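So you can see what is in the structure, the chains are spelled out below.
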Number of protein chains: 2
Amino acid sequence: MVTLTSIIGKRQKRVDSRGKVTGSTRFITDISVENMLHAAPVYSSEPFGKLVEIDAGLIDQDPDFIAFYTAKDIPGVNQVGVILEDQPLLADEIVRYHGDSVGILVAKSHESALRLAAQVMVNIEIFDPVLSIDQSRNATENFLHESNLACQHQVKRGDPESKFATATHIIEARFETPFQEHYYLEPQGCIAQPDGQGGIIVIGSLQCPFYVQKAISKALGLPYSKIKVEQAPTGGAFGGKEDIPSEVCARAALAAFKLNRPVKMIYSRTDDVQLTSKRHPFQMHYKVAVSDEGKLLAADIHLEENAGAYATLSSVVSYRSAMQAMGPYVIPNISVESKSYYTNLPPTGAFRGFGSPQAAFGHERMMDTIAAELSMDPVELRLKNILKVDTETLTGQRLNSSVGAEETLLTATEAACWNNKIPSSDPRWKIGYGVSLIHYGNCLGAAGWFMDGSGVKIKVHRDGSISVAFGLVEMGQGALTAVTQMTAEALGVEPERISVLATDTEQVPDSGPSVASRNVVMTGNAIRDAARKLLPTLKEAAAELMDCDLNEVKIEHGWVHNTRNAGALRFKELTNYLYLSNRPMDVLGWWHVPQLEYDPVSGVGEAYFTYSYATHIAKVAVDTLTGLVKVEKIWASHDIGRAINPAGLEAQIEGGTAQGIGWALTENFKLKLGKVLTNNLTTYLLPTALDVGEIQSILVEDPEPEGPWGAKGIGEPAIIPTAGAIANAISNAIGKPVNSIPIIPERILELLGN
Amino acid sequence: MVTLTSIIGKRQKRVDSRGKVTGSTRFITDISVENMLHAAPVYSSEPFGKLVEIDAGLIDQDPDFIAFYTAKDIPGVNQVGVILEDQPLLADEIVRYHGDSVGILVAKSHESALRLAAQVMVNIEIFDPVLSIDQSRNATENFLHESNLACQHQVKRGDPESKFATATHIIEARFETPFQEHYYLEPQGCIAQPDGQGGIIVIGSLQCPFYVQKAISKALGLPYSKIKVEQAPTGGAFGGKEDIPSEVCARAALAAFKLNRPVKMIYSRTDDVQLTSKRHPFQMHYKVAVSDEGKLLAADIHLEENAGAYATLSSVVSYRSAMQAMGPYVIPNISVESKSYYTNLPPTGAFRGFGSPQAAFGHERMMDTIAAELSMDPVELRLKNILKVDTETLTGQRLNSSVGAEETLLTATEAACWNNKIPSSDPRWKIGYGVSLIHYGNCLGAAGWFMDGSGVKIKVHRDGSISVAFGLVEMGQGALTAVTQMTAEALGVEPERISVLATDTEQVPDSGPSVASRNVVMTGNAIRDAARKLLPTLKEAAAELMDCDLNEVKIEHGWVHNTRNAGALRFKELTNYLYLSNRPMDVLGWWHVPQLEYDPVSGVGEAYFTYSYATHIAKVAVDTLTGLVKVEKIWASHDIGRAINPAGLEAQIEGGTAQGIGWALTENFKLKLGKVLTNNLTTYLLPTALDVGEIQSILVEDPEPEGPWGAKGIGEPAIIPTAGAIANAISNAIGKPVNSIPIIPERILELLGN
């Protein structure tokens with residue numbers, strides 16, 4: 001067993017809170033550099049067409065005009081697609097969505113860049129746009145790309161057909177989920193500057209500095225070593241700053257490179273909403289065979305995703321939604337097809353959960369639909385099928401440890417008094433309870449294994465202070481705080497000694513993207529690797545200093561003990577001795593996900609190395625008069641393996657749940673011919689504190705042997721079950737199935753027949 | 001034997017030349033940051049006294065005035081002495097030289113900072129100043145510090161007294177060498193800025209980023225982890241930016257910390273000359289016993305150094321001058337005392353050679369004096385006594401390898417046609433030849449062993465480009481180029497793949513100071529250590545890719561060969577595979593100097609781990625009419641173990657020789673009551689191209705087993721023998737001993753009796 005001091009599991013105040021609440025943290029908009037210019041994107045206002053001409057003739061006499069660049073100015077390769085090579089950095093022939101960038105306008109100020117960009121004439125020969133999944137799937141010509149199918153993944157396991165042929169209960173249902181806008185509070189932005197040696201330095205609001213480095217290398221034809229990317233403090237991301245900053249930064253870098261001057265590009269909110277990626281809308285068809293006792297026998301599941309104009313991260317979304325399509329249940333016979341279709345809408349891509357919230361809405365509404373069909377309690381149905389140690393997931397992966405699904409379900413139902421629900425006392429308000437259960441594959445999974453490694457560099461200073469560089473990033477999720485705690489724990493020192501550096505591409509190896517709830521697992525393990533290398537040096541020096549054996553040295557809470565004679569040194573005395581004895585005090589740590597046995601053709605095998613599990617129970621009150629749904633309380637029980645920072649975990653659970661509530665109830669993303677109508681906070685309604693209700697977090701600790709101190713990821717599990725729980729609760733309240741979201745008041749009234 | 005490809009030993013163009021010749025390199029004066037203020041030092045104009053009052057009352061209403069800070073504003077410890085704790089960051093009680101800083105004036109512009117700083121009234125109760133070594137040594141009260149002796153080192157070996165009692169020839173002489181101003185073209189300067197998280201970031205023109213980090217930590221009471229120091233491209237240093245930037249940067253950091261705004265401080269040339277350290281003036285007394293055959297029997301040597309007001313690096317100067325006091329000769333009985341005395345003059349400290357040029361002037365003039373006494377050819381005398389393998393240095397260190405002294409002497413004399421010297425054809429011009437021979441202990445030596453380790457971080461990018469961070473710095477000496485070559489050689493790739501990063505304190509472990517000709521030896525060995533760690537990973541991956549055994553993989557010139565079947569891959573195919581197979585591609589390297597057996601009391605033992613050797617022969621023409629000395633040619637033969645970059649070595653030899661010519665002939669540093677009179681280039685005459693004459697570099701390669709590819713240091717050996725060679729040549733030309741420098745025309749005329 002791992003020995004724990006009081007650091008792991010302690011409620012730790014965020015190490016970056018002071019700067020963020022006092023305003024001293026400088027986000028990219030707050031940063032200026034000398035001699036800086038400003039850029040704005042010039043883009044298509046048509047959803048689909050042939051680019052005929054770009055005319056900047058009206059503006060090049062403007063005193064604020066500096067330059068205008070189009071695809072022909074790109075010295076490298078005009079390609080920025082992160083997985084598929086389907087997306088030009090600047091469209092040069094076909095434009096595929098309202099927002100498709102065709103040029104970069106550089107001017108003296110941010111305001112004049114926006115003003116002049118709007119005056120560039122982009123002449124387009126208009127094609128009929130493809131605006132829905134159905135239209136895309138059914139098209140026989142005028143494809144957006146080589147075909148309209150962006151990508152697909154599948155699971156084919158057992159023999160579902162024969163089970164369907166004999167099953168007594170076969171239940172079918174369709175579900176739909178909509179776009180969701182990330183609505184990070186800080187729009188996309190960066191500053192690109194020439195380094196004076198032929199290279200480029202970029203600082204920006206971003207999740208994946210190594211993606212940006214690669215994108216700039218490709219666009220400018222520069223080696224990686226000539227490109228440094230540093231993350232600025234980032235005001236929210238949620239996946240929206242995974243690959244999109246590659247476009248933003250590569251465009252700014254192009255201008256900086258051409259002009260040999262620093263160029264800042266900050267998207268306006270309107271441009272940000274119009275140009276950048278969203279959550280994929282899903283259409284889902286579930287067909288499930290169950291026994292009389294409620295055992296899941298077989299499933300046939302079709303997931304269809306609206307990928308928008310470019311694939312971006314669609315492949316990850318289609319992979320993950322397929323791998324988790326039937327949730328954390330035992331189902332030996334299954335067929336899943338998950339397909340992403342191009343449409344002439346803004347691209348959809350990475351968004352907290354990567355298709356999991358959509359699939360979870362599907363499987364959890366399906367479970368309640370089955371329970372209703374069998375007149376069985378929804379919790380009872382789930383308990384009959386739930387994944388446990390020594391069962392297999394829907395992809396046939398045998399689970400050996402850390403399967404807390406049942407415990408999350410039991411703790412949540414107990415906390416919510418599921419068996420003693422309180423009925424409504426007011427006939428106008430209908431009360432409903434809904435449960436939703438999920439599993440979430442940690443990190444990138446079999447399809448992304450090749451890039452699922454991460455690094456840290458720990459530097460012990462002579463005075464006993466410690467700097468840590470890591471390859472993932474803080475983007476609001478509390479990474480700096482968790483890294484601080486884990487480093488302190490690993491080295492036996494107080495968290496106050498630790499400073500975590502801003503992430504940049506020079507400090508650490510390419511550590512892959514900050515996505516998929518990877519940080520604690522990847523960075524924590526890399527920290528342990530670094531500590532494994534550093535501790536022998538520390539102990540050897542301590543043994544010299546204290547004249548004892550290596551195994552008599554114990555380093556704890558910033559003290560170095562000689563366990564034989566109760567002698568002790570301060571940590572800084574040890575580090576000073578390390579320095580004076582000429583020992584190197586920097587160390588690199590690395591960890592990669594264990595290799596996974598997985599067959600991409602059948603989709604059978606180890607899809608992920610481990611899973612987080614969660615149960616959300618929602619209690620809602622539905623106003624039958626106005627159709628308004630009030631979320632009174634959500635009990636959110638999460639198996640996170642081991643809590644590193646309970647305060648941070650609760651913040652993640654609360655944030656994710658709130659985002660799930662918005663997606664389920666208030667966020668109603670509207671487009672007209674590809675133009676986003678809900679492009680501000682007046683029309684796109686994020687849930688406020690009043691909409692969120694009470695959230696009770698329950699932490700279930702079922703340690704994952706491969707996780708650092710047993711920990712698993714929480715970033716995404718936090719949002720995934722929420723919409724399903726709410727829809728189930730509303731269905732329970734009003735007695736009608738609610739199979740699509742958002743559940744706006746008009747929908748409720750319609751369902752109620754009012 | 002080391003296998004060499006064509007990279008080591010190839011004449012490599014400087015990798016930083018383009019920026020430096022086109023002006024695109026941005027030095028610290030070229031850099032501005034947003035919201036930046038400007039600081040200037042306020043200092044004493046008296047050489048010695050009690051600080052009575054500092055009155056800024058005249059200026060605090062000035063619209064450009066921002067703030068004025070004195071010692072009482074320092075939150076940490078008011079102490080910046082690098083070895084001895086004798087120097088306040090800001091004087092608060094006693095001022096000890098004209099230039100002793102008492103405050104920092106912050107204003108809106110550089111110009112107003114200088115203007116307002118000059119208006120601060122510094123009232124001092126004047127003491128009698130100590131202006132010479134003799135005055136300092138003989139003082140019985142009113143010491144500058146606890147005593148007037150700053151530090152001392154000694155060598156006591158064998159029994160010189162009994163040798164003197166019996167020797168047939170006992171020769172005595174006194175020698176004197178003057179101040180030398182570094183006169184780096186770029187004055188001291190930095191920008192200090194708050195990092196928004198309670199820490200400080202400093203970028204500056206400096207040699208030793210880790211010294212600056214330590215100084216700021218002490219002054220501000222911040223942990224090291226909260227202080228990042230980055231070196232800006234540095235326009236010359238020569239030791240003058242070893243410890244002085246600690247003062248400059250800590251003062252700017254204090255202002256930045258107090259104001260929570262960036263503060264730039266660039267010294268004016270006048271302030272720079274007045275405030276910062278110089279080369280120690282030496283007074284030397286040599287007494288040497290020799291046999292009739294010219295064998296050195298015993299020596300009694302007294303070196304006295306003018307340390308100025310604070311010790312700074314005096315201890316290193318006194319150590320090194322003692323360890324090398326009798327040069328590269330066998331002398332079994334010796335007593336050396338080397339003492340540094342405080343005076344009320346600008347501090348003297350680190351300067352290319354650290355006391356070696358002074359001691360070399362002493363021992364080489366002494367050798368010629370002995371030769372004259374014995375009527376022996378100076379080369380013959382030296383050959384009789386020269387260090388070889390299996391002899392012992394004056395400190396009793398047995399030399400096992402890489403002792404190229406004799407080869408430098410033989411190659412130089414052959415090149416100069418020493419035995420067929422060309423006499424003068426014009427009676428007005430007297431021609432003379434002088435030889436000078438030196439050894440130079442590489443790196444910090446026994447007294448500095450505890451900090452004689454250095455590190456690198458090598459990052460291999462996925463695209464096969466490579467970034468290298470190192471802990472020492474480029475300051476004009478060609479470090480970036482040598483690091484590029486050594487990394488390319490160590491990894492088997494082309495130099496074009498390599499980018500060397502600007503040095504900062506976060507990237508690599510504390511690597512000690514960039515002094516003592518350390519870079520090639522320390523960084524080169526650290527690169528080899530890193531390569532030793534990285535190559536097995538590269539080869540393992542290559543063997544997987546090419547389906548061969550590890551020992552069949554050969555990486556050379558950017559190609560990866562399978563030696564069994566002549567298969568080959570490009571290096572970037574290998575690095576891409578490394579990435580995809582989840583192998584970490586960053587590696588740290590470290591090297592420290594082997595431990596040294598040395599007794600600090602007797603000064604006997606291994607003073608340094610190895611030595612560079614050099615012979616300079618000067619041919620001068622002395623104008624008997626005007627007293628002008630023209631250096632016609634210098635043959636400079638250097639044993640550098642192994643040439644990494646012959647072009648860089650020659651540049652170092654030419655630069656060092658030119659600086660030695662200036663010290664010997666043209667640079668006539670003058671003070672009046674501690675005020676520097678020669679504070680600009682009109683009055684302090686640096687040698688121009690016309691003054692330098694022809695320099696012929698000869699590279700002797702006698703590989704040092706502990707050096708990287710056999711290499712030893714050249715930075716300092718380049719200057720050390722020059723003044724002795726010139727003085728010997730002038731003595732030879734005019735037939736009168738020239739025992740002090742600078743040898744200005746007036747001195748020549750005086751010696752000639754004109």
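The structure this text deals with has already been given above.
What counts and how
- Residues numbered from 1 in each chain as written.
- Chains lettered and ligands numbered in written order.
- Predicted model: local features only at pLDDT ≥ 70, side-chain atom pairs only at ≥ 80, totals over all residues.
- Heavy atoms only, no water.
- Pairing = 2+ DSSP bridges.
- Helix = DSSP H or I, 4+ residues; strand = E, 2+ residues; numbered from the N terminus.
- Axes fitted to C-alpha atoms, helices over the stretch in contact; angles between N-to-C directions.
- Contact = heavy atoms within 4.5 Å.
- Buried area = accessible area lost by both parts, 1.4 Å probe.
- Salt bridge = Lys/Arg side-chain N within 4 Å of Asp/Glu carboxyl O.
- Polar contact = N/O pair within 3.5 Å; in protein donor to acceptor, adjacent residues only side chain to side chain.
- Nonpolar A, V, L, I, M, F, W, Y, C, P; charged D, E, K, R; others polar.
- Core = buried A, V, L, I, M, F, W, Y, C linked by side-chain atoms within 4.5 Å.
- Buried < 20%, exposed > 50% of the residue type's maximum accessible area, 1.4 Å probe, protein only.

S.K.: Can you lay out the sheet that holds strand 7 (residues 149-157) of chain B for me, pointing to particular residues and giving the numbers?
M.R.: The strands that make up a sheet pair up through hydrogen bonds in the backbone, lying either parallel or antiparallel. Residues and elements named next belong to chain B. An order of 7-15-14-13-8 is seen for the 5 strands of this open sheet, with the pairing classed as mixed. Looking at which strands have only one partner, the edges of the open sheet turn out to be strand 7 and strand 8 (169-177). In this sheet, neighbouring strand axes are inclined to one another by 5 degrees on average, regardless of whether the strands run parallel or antiparallel. Where strand 13 (residues 282-290) meets strand 14 (residues 296-308), 9 bridges bridge the pair, whose relative direction is antiparallel. When the sheet's bridge partners are listed, valine 290 is paired in strand 14 with leucine 296. With respect to the sheet, helix 9 (residues 356-374) is in contact with strand 8, strand 13 and strand 14, its orientation differing from that of strand 8 by roughly 145 degrees.

S.K.: Quick rundown of the interface of chain A and chain B? Include the residues and the values.
M.R.: Each partner contributes residues to the interface: chain A has 52 residues there, and chain B has 52 residues. Buried surface at the junction of chain A and chain B, both sides included, amounts to about 3,900 Å², of which 48% is carbon and sulfur. With its nearest N and O atoms 3.2 Å apart, the salt bridge here joins B:Glu34 to A:Arg26. Where chain A meets chain B, there are 27 residue pairs in polar contact (both at pLDDT 80 or more). For the side of chain A that touches chain B, the class distribution of residues is 19 nonpolar, 18 polar and 15 charged.

S.K.: Explain the pattern of salt bridges residue by residue, including any values.
M.R.: Scanning the model with the defined rule gives 68 salt bridges over all chains in all. Among the charged side chains, a network of salt bridges with common partners joins A:Arg14, A:Asp16, A:Lys20 and A:Glu474.

S.K.: Explain the nonpolar core to me, and be specific about the residues and the numbers.
M.R.: In this structure, A:Met326, A:Ile458, A:Ile730, B:Met326, B:Ile458 and B:Ile730 are the most contacted members of the largest nonpolar core, which totals 308 residues. In this structure, B:Ile74, B:Leu89, B:Ala219 and B:Ala252 belong to the second largest nonpolar core, which totals 41 residues.

S.K.: So what about helix 8 (residues 314-323) of chain A? Which residues, and what values?
M.R.: In an α-helix, one turn spans 3.6 residues; hence positions three or four apart end up facing the same way. Counting buried residues in helix 8 of chain A gives 9 out of 10 residues, a clear majority hidden from the surface. If you check which residues of helix 8 of chain A are buried, you get A:Ser314, A:Ser315, A:Val317, A:Ser318, A:Tyr319, A:Arg320, A:Ser321, A:Ala322 and A:Met323.

S.K.: For the sheet that holds strand 11 (residues 227-231) of chain B, give the residues involved together with the corresponding values.
M.R.: Residues and elements named next belong to chain B. One open sheet holds the 7 strands; their spatial order is 3-5-1-12-9-10-11, and the pairing between them is mixed. Edge positions in the sheet fall to strand 3 (65-70) and strand 11, since each of these pairs with one other strand and no more. Pairs of neighbouring strands in the sheet enclose a mean axial angle of 20 degrees, with direction left out of account. Direction of pairing for strand 1 (residues 37-43) relative to strand 12 (residues 263-266): parallel, over a ladder of 3 bridges. Residue leucine 37 lies in a different strand from strand 12, and its bridge partner there is valine 263. Contacting strand 1, strand 3, strand 5 (101-107) and strand 12, helix 2 (residues 110-117) crosses the sheet at an angle of about 25 degrees to strand 1. Along the sheet face, helix 5 (residues 209-220) touches strand 10 (200-204) and strand 11 and points at about 145 degrees away from the line of strand 11.

Function cannot be inferred from these measures alone, as they are strictly geometric.
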